[in-house]
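Architecture at a glance
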Amino acid sequence: MKKFLTFAAALLALAMALALPALAADAGGLVAVKTDGGVYLSWNMTGAESYTLYRGGEAIAVTTGTNYVDAGADGTAQYRIDDKAPVSVWAEQYLEIPISSPSQDLGNVTEGVRAVE
């Protein structure tokens, strides 16, 4: 069971490493998720001293952190940080990442994977 969990965790990490950067590369890793309190924004740290957040074309905040809640926002606007590409608010509070089986026989996929005791 431990081997399976180790393999599953490695597979999930690989899927996220491949999918998320492609989705958000032009946007600085920015994601916008509707919450009960507004829109939660999170992005990648780039080494900048501060980040300017925009809702639509209007600057709404300058922060040194890598997340922000746009309190009371309805989730219909696009957001961006600094000069990055704008993103829309996610329709759901999660990201569905499709995973498909390889078309070739990989044999024993757990070979070389060891359980952590």
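Residues numbered from 1 in each chain as written. Predicted model: local features only at pLDDT ≥ 70, side-chain atom pairs only at ≥ 80, totals over all residues. Heavy atoms only, no water.

1. Quick look at the overall build of the chain
Convention followed: Helix and strand definitions follow DSSP, with helices as H or I runs of at least four residues and strands as E runs of at least two, each counted in order from the N terminus. Buried, partly exposed and exposed residues are distinguished by accessible area as a fraction of the type maximum, computed with a 1.4 Å probe on protein chains only: under 20%, between the cut-offs, and over 50%, respectively. Residue contacts are counted whenever heavy atoms from the two residues lie within 4.5 Å of one another. The accessible surface values rely on the Shrake-Rupley method and a 1.4 Å probe; as for residues, cover is taken only from the protein chains in view.
Looking only at helices and strands, the chain features one helix and six strands. Listing the helices and strands of the chain from first to last along the sequence gives α-β-β-β-β-β-β. A buried classification covers 21% of the 117 residues belonging to the chain. Taking the intrachain contacts of the chain between residues at least 6 apart in sequence as the baseline, contacts between residues at least 24 apart amount to 56%. Counting only carbon and sulfur atoms, one obtains 55% of the accessible surface of the chain, whose full area is about 8200 Å².

2. Some thoughts on the sheet that holds strand β1 (residues 31–35)
The following threshold applies: A pair of strands is treated as paired once DSSP finds two or more bridges between them. Where helices are involved, their axes are fitted lines through C-alpha atoms of the stretch in contact, as for all axes, and angles between N-to-C directions lie from 0 to 180°.
The antiparallel open sheet is built from three strands, whose spatial order is β1-β2-β5. Of all strands in the sheet, those with a lone pairing partner are β1 and β5 (67–71), marking the two edges. Mean inter-strand twist for the sheet, computed between neighbouring axes without regard to direction, equals 20°. Two strands pair when backbone bridges link them, and strand β2 (residues 38–42) and β5 are joined in this way by five bridges, in the antiparallel orientation. When the bridges of β5 are listed, Val 39 appears paired with Asp 70.

3. Let's talk about the packing of aromatic side chains
The condition that has to hold: Within 6.5 Å between ring centres, the rings of Phe, Tyr and Trp (the latter by its six-membered ring) count as paired, and their orientation is classed by plane angle as stacked under 30 degrees, edge-to-face over 60, tilted in between. The criterion is that NZ of a Lys, or CZ of an Arg, lies within 6 Å of the ring centre and within 35 degrees of the ring normal, and then a charge sits over that ring.
As enumerated under the stated definition, the model contains one aromatic pair in all. When the centroid spacing of 5.7 Å and the interplanar angle of 65° are considered together, the rings of Trp 43 and Tyr 51 count as edge-to-face. Side by side, Trp 43 and Tyr 51 carry an identical accessibility label, which is buried. The side chain of Arg 80 reaches across the aromatic face of Tyr 54, ending 3.9 Å from its centre.

4. Comments concerning unusual backbone geometry
Its identity as a non-glycine residue notwithstanding, Asp 82 has a phi of 45°, on the positive side. As for its placement among the helices and strands, Asp 82 is situated in the segment after β6 (79–81). Look at Asp 82 and you get partly exposed, because its relative accessible area is 28%.

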